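Breakdown of the fold
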There are 2 protein chains.
Amino acid sequence: MAQTNRRLILRARPKGLLAPGDLQLVESPVPTIADGQALAKVKYLSIDPTMRVWMSVDSYLPVVPLGEVMRAAGLAEVVESRHKKFKKGKKVLGLTGLQEYCVIDAADKRGSFRKVPPIPFLSDTAFLGVLGVTGATAYFGMMDIAKPQKGETLVVSAAAGATGSIAGQIGKIHGCRVVGIAGGAEKCKWITEELGFDAAIDYKQPDWKEKLAAATPKGVDIDYENVGGEIMHEVVQRMNLHGRIVLCGLISGYTKEDPALESFATILRKRLRVQGFIVLDYLDRFMEAATQLGKWKMFGKLKDRETIVEGIEKAPEAINMLFTGENIGKLIVKV
Amino acid sequence: MAQTNRRLILRARPKGLLAPGDLQLVESPVPTIADGQALAKVKYLSIDPTMRVWMSVDSYLPVVPLGEVMRAAGLAEVVESRHKKFKKGKKVLGLTGLQEYCVIDAADKRGSFRKVPPIPFLSDTAFLGVLGVTGATAYFGMMDIAKPQKGETLVVSAAAGATGSIAGQIGKIHGCRVVGIAGGAEKCKWITEELGFDAAIDYKQPDWKEKLAAATPKGVDIDYENVGGEIMHEVVQRMNLHGRIVLCGLISGYTKEDPALESFATILRKRLRVQGFIVLDYLDRFMEAATQLGKWKMFGKLKDRETIVEGIEKAPEAINMLFTGENIGKLIVKV
């Protein structure tokens, strides 16, 4: 074949936004395929914030090596096949990379390619968005993690984005008051007038924090977080007791260094669960704790130690001992 | 009665450590009781880090008003009673305050007082520590939130404290590798030699970060966090996929301003759950998402929008559009 395959090669790890040359467009011959392979022509490429992470650091996927085609999800059509599963003419979804032609290999055990389901009335591109990865992200984040209840208040950041716009609508379907945070009047108009969000906060307006407060009079029960930084901080301050934060994205930190985001970035990348916790919530079950702890103590599995300070007048000093690290074990004042 | 009641009155909100005069020792007459009340003589007072929070800000309990007796938990003995439940001679636990005598009032619906259970072989003070609030904190934090599994690695900060020392031992009881972080050789020796922790990291040593790494060769599955700040940051960086952080205390921030701690302080105070989340973990269930989203879309409950950029050579600019906020809905490159 005389055709060429135009491909975008990662040449440098971007600082901040991509600069010209970070991704270099090169022309290569269209690959020839072997047994067990299929050649597919890429039709559509999904552009996602996570790609910026793939360019810079190891995350849930390894960083893209310099000199290789940039990783991307896409929709492609098989144009030549020596692969049992993917026949000529079939449309497929998978990590095509930023290129015009990709090879599907049966030996690729990661199985990143799958056929586009033949569903009528749907455009193919729906499988890159609402029925694809970004839709699934909104779906599982809301259904499995946020578990929205009727009457709760949900705040979604990057609310006009591919994931946020779906997450907010799932909140509406479940009877939540939904407030979206987005940048600019057009996005705010779209999410309220078209998508039915109860309110939209334009974070580019100077009074957005006051407007967020006014739009969440009963506080916030669920934060579907896509942004991080100052926006997340503000939403977190308005959270109600026992609220849930679905840490889905931290786009504010993808193009700049932000040390305050570092712990949250790790929490996201490693899918950690952080649970704030105060024992008073367990007051009804204190006897259970005392009984079990008492048993362990009696059988020598648990040891404790007390630091006892004598005299009520020493209590102020005793409080300071906690912070200067002078006590070991339980600190008690004997009156 | 000619006796006096020595009491510590909160006079000023401390900056950093308590300064002389923040708590003022005053002598008042011992209160006389009315029907439905009992007078108790305080024997022991529990000294806890949370008291420093109570002095400064509204948290899970309201801030202590200036001019009032400082709030504290204690163990007291009833010396005079006109209260049905608490007879003379009974020992009680509750929020006695930092004073020598306290009044127990039947009208106090918060029911903060309870009798000391009559358990042999146990000192009364055990009910302020290992079988009291700090023990219960360790118990519920470990059993309900961390859910330790055999072979997992648990890191406990403030590991020689009243709660940390119990949390670590509960980890050992459940077959975890337990690493404690504490300040100074004596504490480190106690938690390893007496309590059976597998390793202790003295954070006052300059090479504590390297030692933490060496002590957690398989990473960290559970962080029982009592400290926050730099110590928490270091542990979080070593967490394994799907790890759990029990956010129990942030003592490093109680005596100084630390803006980086602010979001975590709110997460703790409001008992929020933060779940980092990446949709690839749900790969097996993608059809469930697509099916439900497809139904909602078909019935008009879900709308989506695409921003389509034409030409693979535009992909680098398209990636930047995500961060400059130029796209609405799903961003796609048509090849």
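Residues numbered from 1 in each chain as written. Chains lettered and ligands numbered in written order. Predicted model: local features only at pLDDT ≥ 70, side-chain atom pairs only at ≥ 80, totals over all residues.

**Here's the deal with the overall build of chain A**
Looking only at helices and strands, one finds nine helices and 15 strands in chain A. Relative to a compact globule of 335 residues, whose C-alpha radius of gyration would be 20 Å, chain A shows 27 Å and is clearly more extended. A total of 335 residues make up chain A; the buried ones form 49% of that total. Sequence separation of 24 or more characterises 56% of the internal contacts of chain A that already satisfy a separation of 6 or more. (Helix = DSSP H or I, 4+ residues; strand = E, 2+ residues; numbered from the N terminus. Rg over C-alpha atoms; globule rule 2.2 N^0.38 Å. Buried ≥ 20, exposed ≤ 12 C-beta atoms within 10 Å, placed from the backbone. Contact = placed C-beta atoms within 7 Å.)

**Focus on the domain arrangement of chain A**
Segmentation of chain A into domains returns domain 1 (4–127), domain 2 (133–276) and domain 3 (281–334). Just the C-alpha atoms count here: the centres of domain 2 of chain A and domain 3 of chain A sit 40 Å apart. (Domains from an automatic or database assignment.)

**What to know about the interface of chain B and chain A**
Counting residues at the interface gives 114 residues for chain B and 114 residues for chain A. A per-class count over the side of chain B that touches chain A returns 65 nonpolar, 26 polar and 23 charged. Pairing between strand E13 (residues 273–276) of chain A and strand E13 (residues 273–276) of chain B: three bridges, direction antiparallel. The residue of E13 of chain B that forms the bridge with Arg273 of chain A is Gln275 of chain B. (Nonpolar A, V, L, I, M, F, W, Y, C, P; charged D, E, K, R; others polar. Pairing = 2+ DSSP bridges.)

**Observations regarding the environment of Lys172 of chain A**
With respect to the helices and strands, Lys172 of chain A occurs in helix H3 (residues 162–173). When neighbours within four sequence positions are excluded, Lys172 of chain A is seen to be in contact with Val178 and Gly196 of chain A.

**As for unusual backbone geometry**
Residues and elements named next belong to chain A. The backbone of Lys147 shows a phi angle near 45 degrees, a positive value even though the residue is not glycine. Considering the arrangement of structural elements, one finds Lys147 in the loop between helix H2 (133–146) and strand E8 (153–157). Overall, the presence of 12 C-beta atoms within 10 Å leaves Lys147 in the exposed class. Despite not being glycine, Arg271 has its phi angle at roughly 50 degrees, a positive value. By the secondary structure assignment, Arg271 is in the loop between helix H7 (262–269) and E13.

**Observations concerning helix H9 (residues 315–324) of chain A**
At 3.6 residues per turn, the α-helix brings residues three or four places apart onto the same side. Those residues of H9 of chain A that sit buried are Ala315, Pro316, Ala318, Ile319 and Leu322 of chain A. Around the axis of H9 of chain A, the buried residues are gathered within 165 degrees of arc, so they sit on the same side. On its buried face, H9 of chain A is in contact with strand E14 (306–310) and strand E15 (330–334) of chain A together with strand E1 (4–10), strand E2 (23–29), strand E3 (37–46) and helix H1 (50–56) of chain B. At the C-terminal side of H9 of chain A, Gly325 of chain A shows a positive phi close to 80 degrees. (Arc of directions from axis to C-beta.)

**Comments concerning the confidence of the model for chain A**
A low pLDDT means the predicted coordinates there should not be read in detail. Here chain A shows a mean pLDDT of 92. Residues at 70 or above account for 98%. Here the complex is predicted with pTM 0.90, and the ipTM for its interfaces comes to 0.88. (pLDDT = per-residue confidence, 0-100.)

**With respect to the packing of helix H8 (residues 286–298) of chain A against helix H2 (residues 133–146) of chain B**
Direction vectors running N to C along H8 of chain A and H2 of chain B enclose 95 degrees, while the axes themselves pass 9 Å from each other. The pairing of H8 of chain A with H2 of chain B is recorded here as roughly perpendicular in orientation. Contact with H8 of chain A, carried on its side by Phe286, Ala289, Gln292 and Leu293 of chain A, involves Gly135, Ala136, Tyr139 and Phe140 of chain B of H2 of chain B and no other residues of that element. Within the contact of H8 of chain A with H2 of chain B, the residues separate by chemical class into six nonpolar, two polar and no charged. (Axes fitted to C-alpha atoms, helices over the stretch in contact; angles between N-to-C directions. Parallel < 35°, antiparallel > 145°, perpendicular 65-115°, else oblique.)

**Brief notes about the sheet that holds E8 of chain A**
Within the open sheet, the twelve strands sit side by side as E10(A)-E9(A)-E8(A)-E11(A)-E12(A)-E13(B)-E13(A)-E12(B)-E11(B)-E8(B)-E9(B)-E10(B). Their pairing is mixed. Two strands in the sheet have a free side with no partner beyond their single neighbour: strand E10 (199–202) of chain A together with strand E10 (199–202) of chain B. Strand-to-strand, the axes of this sheet are offset by a mean angle of 15 degrees, without reference to chain direction. When E8 of chain A meets strand E9 (residues 177–182) of chain A, the two strands line up parallel, connected through five bridges. The partner of Val156 of chain A across the bridge, within E9 of chain A, is Gly180 of chain A. Each of E9 and E10 of chain A touches helix H4 (residues 185–194) of chain A; the most contacted strand, E10 of chain A, lies at about 170 degrees to it. Packed on one face of the sheet, helix H4 (residues 185–194) of chain B meets strand E9 (177–182) and E10 of chain B and runs near 170 degrees to E10 of chain B.

**Points about the relation of the copies chain B and chain A**
Note on the copies: chain B fits chain A at an RMSD of 0.1 Å, the axial shift is 0.0 Å, and the rotation between them is 180 degrees. In the structure described here, the two chain copies are related by an operation that fits a two-fold rotation axis. For chain B, the smallest separation between a C-alpha atom and the rotation axis is recorded for Val274 of chain B, amounting to 2.5 Å. Taken as a fraction of all interface residues of chain B, those also at the interface in chain A reach 100%, which identifies the copy contact as same-surface. (Least-squares fit on C-alpha atoms with pLDDT ≥ 70 in both.)

**Observations regarding the environment of Gln169 of chain A**
One can find Gln169 of chain A in helix H3. By the C-beta count within 10 Å, which is 26 here, Gln169 of chain A ends up buried. For Gln169 of chain A and Gln292 of chain A, which are 123 residues apart along the polypeptide, the C-alpha to C-alpha distance reads 46 Å. Ignoring sequence-local partners within four residues, the contact set of Gln169 of chain A consists of Leu195 of chain A together with Leu302 of chain B.

**Some points on the packing of H7 of chain A against helix H6 (residues 229–237) of chain B**
Remark: H7 of chain A packs on H6 of chain B, axes separated minimally by 10 Å, with the N-to-C direction vectors making an angle of 25 degrees. By the angle class used here, H7 of chain A and H6 of chain B are roughly parallel. Handedness of the crossing formed by H7 of chain A with H6 of chain B: left-handed. Of the residues in H6 of chain B, those in contact with Glu262, Ser263 and Thr266 of chain A of H7 of chain A are His233, Val236 and Gln237 of chain B. Of the residues that constitute the contact of H7 of chain A with H6 of chain B, the class distribution is one nonpolar, four polar and one charged. (Left-handed = near helix turned anticlockwise from the far one by under 90°.)

**Here we look at the environment of Phe127 of chain A**
Tracing the backbone through its elements, the reader meets Phe127 of chain A in the loop between strand E7 (114–115) and H2. For the pair Phe127 of chain A and Gly74 of chain A, spaced 53 residues apart in sequence, the C-alpha separation works out to 9.3 Å.

**Regarding the nonpolar core**
Ranked by internal contacts, the top residues of the largest apolar core, which has 211 residues, are Ala40, Leu45 and Ile47 of chain A together with Ala40, Leu45 and Ile47 of chain B. Setting aside anything within four residues of it in sequence, one finds Ile47 of chain A in contact with Ala315, Ala318, Ile319, Leu322, Leu331, Ile332 and Val333 of chain B. (Core = buried A, V, L, I, M, F, W, Y, C linked by C-beta atoms within 7 Å.)

**Side note on helix H7 (residues 262–269) of chain B**
Of the residues making up H7 of chain B, those classed as buried are Ser263, Phe264, Ala265, Ile267 and Leu268 of chain B. Tucked inside the fold, the buried residues of H7 of chain B contact helix H6 (229–237) and E13 of chain A together with strand E12 (239–247) and E13 of chain B. Looking at the residues trailing H7 of chain B, positive phi occurs at Arg271 of chain B, about 50 degrees.

**What about the pairing of strand E3 (residues 37–46) of chain A?**
Burial analysis of E3 of chain A places seven of its ten residues in the buried class, the great majority of the element. Here E3 of chain A pairs with strand E6 (residues 101–105) of chain A via five bridges, running antiparallel. For Gln37 of chain A, the partnering residue across the bridge sits in E6 of chain A and is Asp105 of chain A. Two strands pair when backbone bridges link them, and E3 of chain A and strand E15 (residues 330–334) of chain B are joined in this way by three bridges, in the antiparallel orientation. Looking at the pairing, Tyr44 of chain A lines up with Lys334 of chain B of E15 of chain B.

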